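An overview of the molecular structure
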Amino acid sequence: MEEIEKKIYIMYRILVTNLINCISMDVTKILHNLNSQQEIAVTSDHPHLLVLAGAGSGKTRILVHRIAWKIQVLSIPSHAVLAVTFTNKAAREMKERIDQLLKTPSQGMWVGTFHGLAHRLLKSHWRDAGLAEDFQILDSEDQLRLIKRLMRTLDLDEQRWPPKQFQWWINSQKDEGLRSKNIQENGDLYQSMMLRLYREYESNCELLKVVDFAELLLRSLELWRSNEAVLKHYQNRFKHVLVDEFQDTNAVQYAWLRVLAGSECCVTAVGDDDQSIYGWRGAKVDHILRFEKDFKDTRIVRLEQNYRSTSNILRAANAVIERNSERLGKTLWTEADEGEAVALYAAFNEHDEARYIVECVQQWVGDGNRRDDAAILYRSNAQSRVLESAMLRAEIPYRIYGGQRFYERMEIKNALSYLRLISNKDDDLAFERVVNLPTRGIGERTQSMVRQIARQRNCSLWSASSIAIGNHELSSRASNALAKFLRLISAMTSEVEELTLIEKAETIIKRSGLLDFYKGEKGEKGMARVENLEELVSACGSFEPEDANLSPLTQFLDQVALDSGDRQADVDEDAVQLMTLHSAKGLEYPLVFIAGMEENLFPHAMSIEEPGRLQEERRLAYVGITRAMTKLYLTFAESRSIHGRESFNSVSRFVRDIPSDVIDEVRLGNTIVRSTTYASSSLGSDPELGTGFSLGQQVFHKAFGEGVILNFEGSGPRARVHIKFEEVGTKILILESAGLSGV
DNA sequence: AAGGCAAATGTTTTT
DNA sequence: CATTTGCCTT
């Protein structure tokens, strides 16, 4: 069997080579430097292809080269190709690399995120999709606001029913493709409550002409399912569909692909079940297993050779992921050298951990390396603070990824709301956001009055406001303030009409009073906000509209809603990268630190009980470890303050899974000797700073019993000692009055 | 209606 | 610990 396959393959290669010669085109570089598995993945002519690509095996490269192969060698027109990713960043990168490889730009090809492509569909078929032509995109913050508002009208107690829960529930239903009418009541109070709000939410979105993220996908799926003509059009066009990060697809996205693919489309899916870390967001690894069944005649190619990491790092990664049961099974291997051992550092607390990392970075830089090549990863954003301040103190330039995104910042959303209101007076969400910002005397009372009128008349808040003023339904003070606001918006609209996008943004930020409002805000915050507003203006300046028929402003607003705006600001500065493990997926760095390798933190306490969630944490650990190319540091803190409370966690189980011959345990300045099981660490040889005791030492106190020394503040007899007692927890004692004795 | 102070409340992230 | 939310006073 294998023999035959080999022969066919050789014949195929001969044919291919001839073909290349015939076309006399330089396509050799498409196959240049590919290993045999990669080459099969690029050139396979099976109808469908599933590439199981391990970390660092050249996943994106395969996708890009396969597209180039199809276009240049198989002469498939580029407009027949659709490539879909999850993030804008990945889509941008793919576009760039295709252009680079093909030289000729990827004209006619659709490359984008699921959401971006769905939006594009709905924009062209808004009528068939049952939407308004100028429908707005609702981001998650807008969504939460809307839900809160609906809860208020339904008189639901926000304490008993957290709005976030409604949001989460509604989104999960939509991710599964379920509308409220598809859900059966099961007599459960919680479910019936959720469902009740879901119904209300659906009809309100309809009314407000807004579409949330999940809706973009679901709506475009329903469009295809219900409209034969539209579907046929796209099925006839896109004969080649390629999906990146396939393990991250949720139910609707998978259905979307299946419907589009129909029966004559070639689907290529590239993914790694071991890197599925978005299960909590509806992603289903099962889709990888189902692919073969749903797409008949699928060729499966495994890419297991890793080109990124040393073999020690890979051994660590494999040891961690091996303990997961539900795997397709894949073992990464490399031709690379053993490399250095994985360093493990046991810190006393999070500050010591940060200090140690800073020291290592300084040494790395001192050795002539780039800060850009170093990344510090952590499980949750809260951990970044301590690391950040340590970097700041050491004057090491750093860049934090994630956290708050540009277009989600309050001042930016406010400015955008003014722009939205300029382009569409009936945008109620924008209206509500800025009607009293900066404060102009339109308070809660007036606003609820206007809302009530809007509901009665079934009109927008904008129209309701003029009705309220016209009918003298408000106090004269409120009426004047409201009229002033309406005049301001109208005036700005006409003033700005003929201006370019950047001028519009500039004018509106000034005229609305937002700029002065934030300038007046005291402290660093106001400054930063003003800077952000300026950055928004410059973003308007560099925006290039795609469609000449539509107004640049509306196009800008749509793009902003779909793009989180992870701008590449000061990318040129050589800086250490700080990010969560989640956002590190897809990236690689020569030097990687993973901080906070502790039980309850990583794996996270919320995930520790459930086996499924724990497996996902394990995959996250695998993702983290495989980011490292040459040197990996794992650190954990024996004591860490979480939410202001001190907690003591043992070293993460993921660390214990790594074979000890791969790990090099770092001992601080040779002062302390400790074992990984830390609790009963052996005594230090040198007393700490003349106190007569050492860190990690077991001590006895008359009242509190036995404990372990965790930290010192100061030195000599007046030093403050942090001790974790077995019975009473941690105490901070003055040494000379504590009356401690060694055990 | 607006600003100030106390209490609550904390995963992971993209779109 | 640090930020956001809600209540309460002016």
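Refer to the structure presented above.
Throughout, residues of each chain are indexed from 1 in the direction in which the sequence is written. Just so you know, chain letters begin at A and ligand numbers begin at 1, following the order they were written in. Where local features are concerned, this predicted model is filtered to residues with pLDDT of at least 70; where side-chain atom pairs are given and counted, the filter is 80 or more; whole-chain, interface and lining totals use all residues. Calculated side-chain values reflect all of the structure's heavy atoms, with hydrogen atoms and water omitted.

This brings us to the packing of aromatic side chains. Ring geometry is summarised as follows: Phe, Tyr and Trp rings, the Trp one being its six-membered ring, pair when their centres sit within 6.5 Å, and such pairs are stacked at plane angles under 30 degrees, edge-to-face over 60 and tilted between the two. Counted by the stated rule, this structure contains 23 aromatic pairs. An angle of 80 degrees between the planes, with centres 5.5 Å apart, marks the rings of Phe246 and Phe291 as edge-to-face. In this pair, Phe246 is assigned in the loop between strand S6 (240-243) and helix H12 (251-261) and Phe291 in helix H13 (residues 286-294), connecting sequence segments 45 residues apart. With a 1.4 Å probe rolled over the protein chains alone, any residue whose accessible area is under 20% of its type maximum counts as buried; one over 50% counts as exposed, and the rest are partly exposed. The class for Phe246 is buried, based on a relative accessible area of 1%. With centroids separated by 5.2 Å and ring planes inclined at 65 degrees, the aromatic side chains of Phe406 and Tyr407 adopt a geometry described as edge-to-face. Phe406 sits in the buried class, given a relative accessible area of 2%. For Tyr407, a relative accessible area of 9% puts it in the buried group. By way of ring pairs, the aromatic residues Phe86, Trp110, Phe114, Trp224, Tyr234, Phe238 and Trp256 are connected into one cluster. For a Lys NZ or an Arg CZ to count as sitting over a ring, it must be within 6 Å of the ring centre and within 35 degrees of the ring normal. Across from the ring centre of Tyr633, 5.1 Å away, lies the NZ or CZ of Lys631, which sits over that ring. Helix and strand labels come from DSSP, where a helix needs a run of H or I of at least four residues and a strand needs a run of E of at least two; each type is numbered from the N terminus.

Turning our eyes to something else, we now look at the packing of helix H7 (residues 140-153) against helix H8 (residues 163-175). The interhelical angle for the contact between H7 and H8, taken along N-to-C directions, is 115 degrees, at an axis separation of 9 Å. In this structure, H7 meets H8 at a crossing whose hand is right-handed. Across the interface between the two elements, Ser140, Gln143, Leu144, Ile147, Lys148 and Met151 of H7 pack against Pro163, Lys164, Phe166, Gln167, Ile170 and Asn171 of H8. Throughout, the ten residues Ala, Val, Leu, Ile, Met, Phe, Trp, Tyr, Cys and Pro are labelled nonpolar, Asp, Glu, Lys and Arg are labelled charged, and all others, Gly among them, are labelled polar. Residues belonging to the contact of H7 with H8 are distributed by class as follows: six nonpolar, four polar and two charged. Fitting a line to C-alpha atoms yields each axis, with helices limited to the stretch in contact; the angle taken between N-to-C directions then spans 0 to 180 degrees. The sense of a crossing depends on the near helix, which, turned anticlockwise from the far helix by less than a right angle, makes the crossing left-handed and, turned clockwise, makes it right-handed. The contact criterion used is simple: two residues touch if any of their non-hydrogen atoms lie within 4.5 Å.

What links the strands of a sheet is backbone hydrogen bonding, and the strands pair in either a parallel or an antiparallel sense. Spatially, the six strands line up as an open sheet ordered S3-S2-S6-S7-S1-S8, and their pairing is parallel. The open sheet is flanked by strand S3 (110-113) and strand S8 (298-303), the only strands paired with a single partner. Taken over all neighbouring pairs, the strand axes of this sheet differ in orientation by 15 degrees on average, direction set aside. Between any two strands, pairing holds if DSSP finds at least two bridges. In this structure, S6 lies alongside strand S7 (residues 266-271), joined through four bridges in parallel fashion. Bridge assignment links Val241 to a residue of S7, and that residue is Val267.

Tracing the backbone shows Ile453 in helix H19 (residues 444-457). As a C-alpha pair, Ile453 and Ser465 span 12 residues in sequence and 8.2 Å in three-dimensional space. In this view, Ile453 contacts Asn458, Ala464, Ile467, Ala468 and Glu473; residues no more than four positions away in its chain are not counted.

So, on to the side chain of Thr113. Here Thr113 shows up in strand S3. Side-chain atoms alone can form a polar contact between residues adjacent in sequence; in general such a contact is a pair of N or O atoms within 3.5 Å, and within protein one must be able to donate a hydrogen while the other accepts it. Within polar-contact distance, the side chain of Thr113 engages the backbone nitrogen of Gly116 at 2.8 Å. When sequence neighbours within four positions are dropped, the list of residues in contact with Thr113 reads Val84, Thr85, Phe86, Thr87, Asn88 and Ala91.

With that settled, consider the protein's contact with DNA strand C. If a single non-hydrogen atom of a residue is within 4 Å of a molecule or strand, that residue counts as near it. Surrounding DNA strand C, one finds Glu158, Arg385, His643 and Gly644. Near the protein, meaning within 4 Å, the atoms of DNA strand C are sugar or phosphate in a fraction of 33%, with bases accounting for the rest. Separating a base nitrogen of DNA strand C from a backbone N or O atom of His643 is a distance of 3.3 Å. Looking at side-chain class alone, the surface near DNA strand C contains no nonpolar, two polar and two charged residues.

Okay, the protein's contact with DNA strand B next. Around DNA strand B there are 34 residues in total, and Asn88, Arg379, Arg405, Thr580 and Ser607 lie nearest to it. Between DNA strand B and Trp280, the relevant distance is 3.5 Å, taken from a base oxygen to a side-chain nitrogen or oxygen of the residue. Here a base oxygen of DNA strand B and a side-chain polar atom of Arg281 are 2.9 Å apart. Broken down by secondary-structure element, the contributors of at least two residues to the surface near DNA strand B are H19 and helix H27 (611-625). When residues of the surface near DNA strand B are assigned to their parent elements, the largest contribution, three residues, is made by H19. Broken down by class, the residue content of the surface near DNA strand B amounts to six nonpolar, 19 polar and nine charged.

Here we come to the pattern of salt bridges. Salt bridge, as used here: a side-chain nitrogen of Lys or Arg that lies within 4 Å of a carboxyl oxygen of Asp or Glu. Following the criterion strictly, the structure yields 55 salt bridges and no others. Salt-bridge contacts for Asp244 lead to Lys59; the nearest nitrogen and oxygen are separated by 3.3 Å. Here Lys59 lies in helix H4 (residues 59-73) and Asp244 lies in the loop between S6 and H12, a separation of 185 residues in the sequence. Accessibility classification places Asp244 together with Lys59 in one group, the buried group. Across the pair Arg179 and Glu222 runs a salt bridge, and its minimum N-O distance is 2.9 Å.

Moving on to helix H5 (residues 88-102). Working rule for helices: expected span equals 1.5 Å times residues minus one. Relative to the 21 Å expected for 15 residues at 1.5 Å per residue, H5 spans 21 Å between its end C-alpha atoms, a close match to the ideal helical length. Among all positions in H5, only Ala91, Met94, Ile98, Leu101 and Leu102 are buried. Each buried residue of H5 sits inside an arc of 100 degrees when the element is viewed along its axis, so together they form one side. Facing away from the buried side of H5 by over 90 degrees, the exposed positions are Glu96 and Gln100. Looking one or two residues past H5, Lys103 carries a phi angle of roughly 65 degrees, positive in sign. Of all possible arcs, the one meant is that of the directions from the helix axis to the C-beta atoms.

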